[in-house]
Amino acid sequence: MFSSEGVSVETLRWRADTLEMIDQRALPERVVYISYNSAQGVAEGIRSMVVRGAPAIGVAAAFGVALEALRCQHLPKAVFDQTLEHGIELLAASRPTAVNLFWALRRMRIVWQSGQQESNPALALRLLAEAQAIYDEDIRINRSMGQFGAELLADGARVLTHCNAGALATAGHGTALGVIRSAVAAGKRISVIADETRPFLQGARLTAWEMVQEGIPVTLITDNMSGHLMQQGQIDAIIVGADRVAANGDVANKIGTYMVAVLAQRHHIPFYVACPLSTIDLTIATGEQIPIEERAAAEVLGFRECRWAPNGVSVRNPSFDVTPAALVTALVTEKGVVRNPDRDALASLFL
Ligand code: MRU
């Protein structure tokens, strides 16, 4: 049902009336899919990081709404509406920072509200079609960001990225890694330096895996090594994704991004952010208002079964940080490259 042709990794797929999501917690050791048939299930999948990455979370949530409608389509209208509302609330509470989640739920709500005269089964099918449209659009948008962004990378560039803004963080192709994929497809020899990205290791586990799968040269470093490599002149450009961009261009992305951006400025290395318009939140004036998720202490105390910190230590685990717009060389969007992003430039993207 999806037009996933040419997509290297199937992060989400529709199979036999269920949503299947690759379990990103198990990568790279195991490639396994988990099936979902309700909004509650998908909300739990988002919360527990089976699926992660801003655009992928949005797409998953849209399918969550459609699944809930399909599941309840034979109930009386009032119960159907009540159950759908509850499902949307569960999805909205799954993670706070990536605005794509709320953007996708708003789109689904508009379809729901416009179909009040329809039968439940007809409405459920329209909700499914909307979720599929969001999925298809995401891949198209990533490819067009890739084309715009590829122009920014020189042949032979050594490109640092943080976290995973790849196919696994989207419906396919990726945002930051999409730019790298498109540059490689255009014949440029690009090599990637992947920050490990403590504590959840999205860089080591997911970005490195995606690049290795595709034969794009990738070197893994721990997060505290990037400053040294910049100082040594071994990084030519930096490109990351985003979870939410405020109206003034401040960028919330995975914890550690801010550190990289400060170092990039110090070493005169361009710092690019690739993000679809659905990641830009014009209702929020500056990055200060972006809610920053604080995740479980266990992620910092150890990894999987291995625990390395003592009992009794207190822990902080903010999952995102905010990079001020002044440190961003350019935003790469599906409408083109915005250099020195600011309030006016961002507003004009929506005209
Ligand atoms: O906690 P995560 O893994 O959902 O965080 C993901 C990121 O921070 C990504 O860089 C961001 O969502 C960009 S995705 C194209």
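Everything that follows concerns the structure shown earlier in this document.
Along every chain, residues carry numbers that run from 1 in the direction the sequence is written. Selection of residues for local features in this predicted model requires a pLDDT of at least 70, selection of side-chain atom pairs for listing and counting requires 80 or more, and totals for whole chains, interfaces and linings are taken over all residues. Hydrogens are left out, water is left out, and the side-chain values use all remaining heavy atoms of the structure.

J.: Describe the overall build of the protein, with residues and values.
T.: Along its length, the protein carries 11 helices and 16 strands. The globule rule puts the C-alpha radius of gyration for 351 residues at 20 Å, and the 20 Å found for the protein is close to it. In terms of overall dimensions, the protein has C-alpha extents of about 65 × 55 × 40 Å along its principal axes. Residues classed as buried in the protein amount to 58% of the 351 residues present. Put simply, of all contacts in the protein between residues at least 6 apart along the chain, 74% involve residues at least 24 apart. By definition, any uninterrupted DSSP run of H or I lasting at least four residues is a helix, any uninterrupted run of E lasting at least two residues is a strand, and each is numbered from the N terminus. When we talk radius of gyration, it's over C-alpha atoms, and the globule rule is simply 2.2 Å times the number of residues to the 0.38. Buried, partly exposed and exposed residues are distinguished by accessible area as a fraction of the type maximum, computed with a 1.4 Å probe on protein chains only: under 20%, between the cut-offs, and over 50%, respectively. Should any heavy atoms of two residues lie within 4.5 Å, those residues are considered in contact.

J.: Which residues make up helix 7 (residues 202-214), and what are the values?
T.: In a regular helix each residue adds 1.5 Å, so 13 residues correspond to 18 Å; helix 7 covers 17 Å between its end C-alpha atoms and thus fits that length. Bend is computed residue by residue as the angle between axes fitted to the seven residues ending at the residue and the seven residues starting at it. Of all the bends found along helix 7, the most pronounced is centred on Ala208 and spans about 25°. Taken as a whole, helix 7 has its buried residues at Gln202, Gly203, Arg205, Leu206, Thr207, Ala208, Trp209, Glu210 and Met211. In this fold, the buried residues of helix 7 make contact with strand 4 (158-161), helix 6 (176-185), strand 5 (191-195), strand 6 (218-221), strand 9 (251-254) and strand 12 (302-303). For a helix, the expected span equals 1.5 Å multiplied by the residue count minus one.

J.: Any details on the packing of helix 2 (residues 54-72) against helix 3 (residues 77-92)? Residues and values, ideally.
T.: Whenever a helix is involved, its axis is fitted only over the stretch in contact; in every case the axis is a line through C-alpha atoms, and angles between N-to-C directions fall within 0 to 180 degrees. Helix 3 packs onto helix 2 with a crossing angle of 155° between their chain directions and a minimal axis gap of 9 Å. Comparing the axis directions of helix 2 and helix 3 gives the class roughly antiparallel. Our pair here, helix 2 against helix 3, has a crossing hand that is right-handed. Between helix 2, through Ala61, Gly64, Val65, Glu68, Ala69, Arg71 and Cys72, and helix 3, the contact on the second element is made entirely by Phe80, Thr83, Leu84, Ile88 and Leu91. The residue inventory of the contact of helix 2 with helix 3, partitioned by class, reads 8 nonpolar, 2 polar and 2 charged. Roughly parallel means an angle under 35 degrees; roughly antiparallel means over 145; roughly perpendicular covers 65 to 115; every other angle is labelled oblique. Definitions for this section: a left-handed crossing has its near helix turned counterclockwise from the far helix by less than a right angle. A right-handed crossing has that turn clockwise. Nonpolar residues are Ala, Val, Leu, Ile, Met, Phe, Trp, Tyr, Cys and Pro. Charged residues are Asp, Glu, Lys and Arg, and all others, Gly as well, are polar.

J.: An account of the sheet that holds strand 10 (residues 271-274) is requested, with residue identities and associated values reported.
T.: Paired strands, as defined in this entry, are two strands with at least two bridges between them according to DSSP. Pairing is mixed in the open sheet, where 7 strands are placed in the order 6-5-4-7-10-15-16. Bordering the open sheet on either side are strand 6 and strand 16 (336-339), each of which pairs with just one other strand. Between one strand and the next, the sheet's axes are offset by a mean angle of 25°, whatever the strand orientation. With 4 bridges joining them, strand 5 and strand 6 adopt parallel strand pairing. Looking at strand 6, one finds that Val192 is bridged to Val218. Sheet strands touched by helix 5 (residues 120-150): strand 10, strand 15 (330-333) and strand 16. Its angle to strand 15, the strand with the most contacts, is close to 140°.

J.: I'd like a rundown of the layout of surface pockets, residues and numbers included.
T.: If a probe the size of a water molecule is rolled over the atoms, the empty space left behind becomes visible. Here a cavity is any set of points on a 1 Å grid over the protein atoms alone where a 1.4 Å probe fits but cannot get out, and a pocket is any open set with protein on both sides within 12 Å along at least 5 of 7 lines; a residue lines the site when it has an atom within 4 Å of a point. Grid points are joined across faces, edges and corners, and a volume is the space filled by probe spheres set on the points. There is about 250 Å³ of room inside the largest pocket. In terms of lining, the largest pocket is formed by Arg25, Pro199, Phe200, Arg205, Arg295, Ala296, Ala298, Glu299, Gly302, Phe303 and Arg304. Of all the secondary-structure elements, those providing two or more residues to the lining of the largest pocket are helix 10 (298-301) and strand 12. Here the residues of the lining of the largest pocket are counted per class, giving 5 nonpolar, 1 polar and 5 charged.

J.: Lay out the pairing of strand 7 (residues 237-240) with the relevant residues and their values.
T.: Side chains of strand 7 alternate between two faces, with Ala237 and Ile239 and Ile238 and Val240 buried alike. Pairing geometry for strand 4 and strand 7, over 2 bridges, is parallel. Note on strand 7: the bridge partner recorded for Leu160 is Ile238. Examined bridge by bridge, strand 7 and strand 10 share 3 bridges and lie parallel to one another. Looking across to strand 10, one finds that Val240 is bridged to Val273.

J.: Quick rundown of the sheet that holds strand 9? Include the residues and the values.
T.: Taken in spatial order, the 4 strands line up as 11-8-9-14 in an open sheet, and their pairing is mixed. Across the chains shown, the open sheet's two edge strands, defined by having one partner strand only, are strand 11 (280-281) and strand 14 (320-323). In the sheet, strand 8 (residues 244-246) pairs with strand 11 via 2 bridges, with the strands oriented parallel. Bridging across to strand 11, Val245 finds its partner in Ile280.

J.: Can you lay out the packing of helix 5 against helix 6 for me, pointing to particular residues and giving the numbers?
T.: Packing of helix 5 against helix 6 leaves a shortest axis separation of 7 Å and a crossing angle of 65°. Taken together, the axes of helix 5 and helix 6 lie roughly perpendicular to each other. Crossing handedness for the pair helix 5 and helix 6: right-handed. Touching Arg143, Met145, Gly146, Gln147, Gly149 and Ala150 of helix 5 are Gly178, Val179, Ser182 and Ala183, all from helix 6.

J.: Summarise the site of the ligand; cite the residues concerned and give the values.
T.: Any residue with a heavy atom positioned within 4 Å of a molecule or strand is treated as near that molecule or strand. In the vicinity of the ligand there are 18 residues, among which Arg52, Arg95, Asp243, Asn253 and Lys254 approach most closely. Measuring from an oxygen atom of the ligand, one finds a side-chain N or O atom of Arg95 at 2.8 Å. Polar contacts here mean pairs of N or O atoms no more than 3.5 Å apart (in protein, one a potential hydrogen donor and the other a potential acceptor; neighbouring residues in sequence count only if both atoms are side-chain atoms). One of the side-chain N or O atoms of Asn253 is found 2.7 Å from an oxygen atom in the ligand. In the complex, the protein chains occlude 100% of the 410 Å² of accessible area that the ligand would expose alone. Here the criterion for a molecule occupying a pocket or cavity is that more than half of its atoms lie within 2 Å of the pocket grid points. Among the detected pockets, the ligand sits in the largest cavity. Broken down by secondary-structure element, the contributors of at least two residues to the shell around the ligand are helix 2 and strand 9. Counting contributing residues, the shell around the ligand receives three or more from each of domain 1 (12-142) and domain 2 (144-348). Surface exposure here means Shrake-Rupley accessible area, sampled with a 1.4 Å probe, where a residue is shielded only by the protein chains that are shown. Each domain's extent was defined by an automatic or database domain assignment.

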